[in-house]
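# A closer look at the structure
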Amino acid sequence: MRAQAWLSKRQEISLAGEIDFDSAPALDQLVQSLMREAPGIHWKLNMDGVLKVNSVGLALLLEWMHFLEQHQGSLEVLDIPCELIDLARVCGVDEILSVL
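Predicted model, so just to flag it, every value in this text is computed and none were measured.

Here Gln72, not a glycine, exhibits a phi torsion of approximately 60°, which is positive. In this structure, Gln72 sits in the loop between helix H2 (55-70) and strand E4 (74-78). Within the chain, Asp79 stands out as a residue other than glycine whose phi angle is a positive 50°. Note on Asp79: relative accessible area 47%, which makes it partly exposed.

Set out below in structure tokens:
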């Protein structure tokens, strides 16, 4: 299942499927376009539907956080997959993602 993103609630984006090197470019474009529609707000990113994710998923999260920071917004990540938490810890960015 390819990665999907949609606005599930006001200011909440839900992700589902597999986030990998093949799906990342389209997913990045879609998520950033959703975020551009309402800059300067606190977004929630729900990853409950993500079935598989690798290091590109971590790179996307960091990119989206950086994008929002530049536009006076912020990102809260919900239901982070275990493998992404492990990657964040290994890379030393778990505090940035509020993963404890």
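Moving on from the coordinates now.
Looking now at the state of the cysteines. In total, this model carries 0 disulfides according to the counting rule given. In this model Cys82 remains outside any disulfide bridge; the closest cysteine sulfur is found in Cys91, 16 Å from its own. By relative accessible area, which is 49% here, Cys91 ends up partly exposed.

As a further point, take helix H3 (residues 82-91). Listed as buried for H3 are Leu84, Ile85 and Ala88. Taken end-on, H3 shows its buried residues confined to a sector of 105°, consistent with a single buried face. In H3, the exposed residues that point more than 90 degrees away from the buried face are Cys82 and Val90. Each element contacted by the buried residues of H3 is listed here: strand E3 (42-53) and H2. Positive backbone phi, approximately 75°, marks Gly92, located one or two places after H3.

Attention now moves to the sheet that holds E3. Sheet architecture is open: 4 strands sit in the order E1-E2-E3-E4, paired in mixed fashion. Looking at the sheet topology across the chains shown, the edges are occupied by strand E1 (4-9) and E4. Strand-to-strand twist across the sheet, computed as the mean angle between neighbouring axes with direction ignored, equals 25°. Across 5 bridges, the pairing between E3 and E4 is parallel. Bridging across to E4, Lys44 finds its partner in Glu76.

Cut-offs and rules
Residues numbered from 1 in each chain as written. Predicted model: local features only at pLDDT ≥ 70, side-chain atom pairs only at ≥ 80, totals over all residues. Heavy atoms only, no water. Helix = DSSP H or I, 4+ residues; strand = E, 2+ residues; numbered from the N terminus. Buried < 20%, exposed > 50% of the residue type's maximum accessible area, 1.4 Å probe, protein only. Disulfide = S-S within 2.5 Å. Arc of directions from axis to C-beta. Contact = heavy atoms within 4.5 Å. Pairing = 2+ DSSP bridges. Axes fitted to C-alpha atoms, helices over the stretch in contact; angles between N-to-C directions.

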